[in-house]
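# Descriptive structure summary
Residue-level listing of the chains:
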Amino acid sequence: MQSSVIKSSNVVARFFVALNPRKEVNAVLKREAAYFGDIVILPFMDRYELVVLKTIAICEFGVQNVSAAYIMKCDDDTFVRVDTVLKEIDRTSPYKSLYMGNLNLLHRPLRNGKWAVTFEEWPEEVYPPYANGPGYVISTDIAKFVIAQNGKRSLRLFKMEDVSMGMWVEQFNSSTPVQYSHNWKFCQYGCLENYYTAHYQSPRQMICLWDKLARGRAQCCSFR
Ligand SMILES: *[C@@H]1O[C@H](CO)[C@@H](O)[C@H](O)[C@H]1NC(C)=O
Ligand SMILES: *[C@@H]1O[C@H](CO)[C@@H](O)[C@H](O)[C@H]1NC(C)=O
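Below is a summary of the structure that appears in this document. (Residues numbered from 1 in each chain as written. Chains lettered and ligands numbered in written order. Predicted model: local features only at pLDDT ≥ 70, side-chain atom pairs only at ≥ 80, totals over all residues. Heavy atoms only, no water.)

### Comments concerning the site of ligand 2
- As a structural note, the neighbourhood of ligand 2 is formed by Pro129, Asn173 and Tyr180.
- Look at ligand 2: alone it shows 360 Å² of surface, and the protein chains cover 38% of it. (Near = heavy atom within 4 Å. Areas by Shrake-Rupley, 256 points an atom, 1.4 Å probe, with all protein chains shown as cover.)

Printed below as a string of structure tokens:
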């Protein structure tokens, strides 16, 4: 990631990490953050239900700390072709708000199993259009809207952060038109040739993907 960032001087990358129940882990995290300067430590427990709070923190950092024009949220096992994503953003209208990623339409909550969503959490039948969480981009005005609504305590939070963002963008879109930009190359399930982002990548695979890119090829690395 640092190499990508150095290549495109207009980019800032940060890892958003919340707290661990074990004190020793947090101490090591703090040291790592101090050493590399690319980690933002968030003051709550790192749990799935709270990941949506990270999304809000990412919006805040993007708007308040670095005045970013666009903010991309990724998972830590997502490999990103930063220059390619930037080019894709450049192809959209700079005068219109942007929501870019691998969009899901009319997806429904799972009501059973490990990842079940209760009717209390999500009473509606379907989710709003939303970009898959492993990698999506929003323009700064959407991030500002999220921050403002959250400041007024009127931001609805749902544990699936990507669905939450879809809901916030839908709200924003009701007063300001948003370009919904869909591309399957923001891969949700692993990696595909000519990807923009590849998901579920191990550290070894990330290095392998980077090596291939350096040779001009956006090809996958299939080993674990
Ligand atoms: C972001 O900016 C705020 C307000 O200026 C500051 O308090 C905070 O420490 C900054 N956060 C990071 C992670 O740099
Ligand atoms: C965004 O708003 C426009 C104008 O109200 C509407 O036609 C469109 O369906 C909305 N898009 C989504 C994805 O909700």
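There is more to say, and it comes next.
### Brief notes about the site of ligand 1
- Ligand 1 sits among Val40, Phe61 and Asn65.
- Between ligand 1 and the protein, one listed contact pairs an oxygen atom with a side-chain N or O atom of Asn65 at 2.5 Å.
- Considered on its own, ligand 1 offers 360 Å² of accessible surface; in the complex 29% of this is hidden by protein. (Polar contact = N/O pair within 3.5 Å; in protein donor to acceptor, adjacent residues only side chain to side chain.)

### Some points on the packing of aromatic side chains
- One pass over the structure, following the stated rule, counts 12 aromatic pairs.
- On the numbers, 4.8 Å between centres and 80° between planes, the contact of Tyr35 with Phe36 is edge-to-face. Pair check on accessibility: Tyr35 and Phe36 agree, each one exposed.
- Their ring planes at 75° and their centres at 6.3 Å tell us that Tyr99 and Tyr136 sit as a pair that is edge-to-face. You can see Tyr99 sitting in strand E5 (residues 97-101) and its partner Tyr136 sitting in strand E8 (residues 135-139), a full 37 residues away along the chain.
- Using a relative accessible area of 1% as the deciding quantity, one classes Tyr136 as buried.
- By way of ring pairs, the aromatic residues Trp122, Tyr127, Tyr130 and Phe158 are connected into one cluster.
- The cationic tip of Arg156 hangs over the ring face of Trp122; the distance from NZ or CZ to the ring centre is 4.3 Å. (Phe/Tyr/Trp six-rings, centres within 6.5 Å; stacked < 30°, edge-to-face > 60°. Buried < 20%, exposed > 50% of the residue type's maximum accessible area, 1.4 Å probe, protein only. Helix = DSSP H or I, 4+ residues; strand = E, 2+ residues; numbered from the N terminus. Lys NZ or Arg CZ within 6 Å of the ring centre and 35° of its normal.)

### Overview of the environment of Gly135
- Note on placement: Gly135 falls in strand E8.
- In this structure the C-alpha to C-alpha distance between Gly135 and His182, which are 47 residues apart in sequence, comes to 12 Å.

### As for the environment of Asp76
- Within the secondary structure layout, Asp76 lies in the loop between strand E3 (70-74) and strand E4 (79-80).
- Linking Asp76 and Val163, residues 87 residues apart in sequence, is a C-alpha distance of 18 Å.

### Observations concerning the nonpolar core
- Judged by nonpolar contacts, the single largest core of 38 residues is most densely connected at Tyr99, Tyr127, Ile138, Phe158, Met165 and Trp168.
- Those elements that place two or more of their residues in this core are strand E1 (15-19), strand E2 (39-45), helix H3 (51-65), strand E7 (130-131), E8, helix H5 (140-151) and helix H6 (161-173).
- Ranked by the residues each element gives to this core, the list is headed by H3, at seven residues.
- Residue contacts for Ile138: discarding those within four places in its chain leaves Cys59, Ala69, Tyr70, Ile71, Leu98, Tyr99, Ala143 and Met165.
- Counting residues in hydrophobic clusters, the runner-up holds 12 residues, among them Val5, Val11, Ile89 and Val137. (Core = buried A, V, L, I, M, F, W, Y, C linked by side-chain atoms within 4.5 Å. Contact = heavy atoms within 4.5 Å.)

### Quick look at the packing of H3 against H5
- Where H3 meets H5, the axes come as close as 9 Å, and the angle between the chain directions of the two elements is 120°. Here H3 lies oblique to H5, going by the angle between them. Classified by chirality, the crossing of H5 by H3 is left-handed. From H3, Ile56, Cys59, Glu60, Val63 and Gln64 reach across to H5, where they touch Thr140, Ala143, Lys144, Val146, Ile147 and Asn150.
- Classifying every residue of the contact of H3 with H5 gives six nonpolar, three polar and two charged. (Axes fitted to C-alpha atoms, helices over the stretch in contact; angles between N-to-C directions. Parallel < 35°, antiparallel > 145°, perpendicular 65-115°, else oblique. Left-handed = near helix turned anticlockwise from the far one by under 90°. Nonpolar A, V, L, I, M, F, W, Y, C, P; charged D, E, K, R; others polar.)

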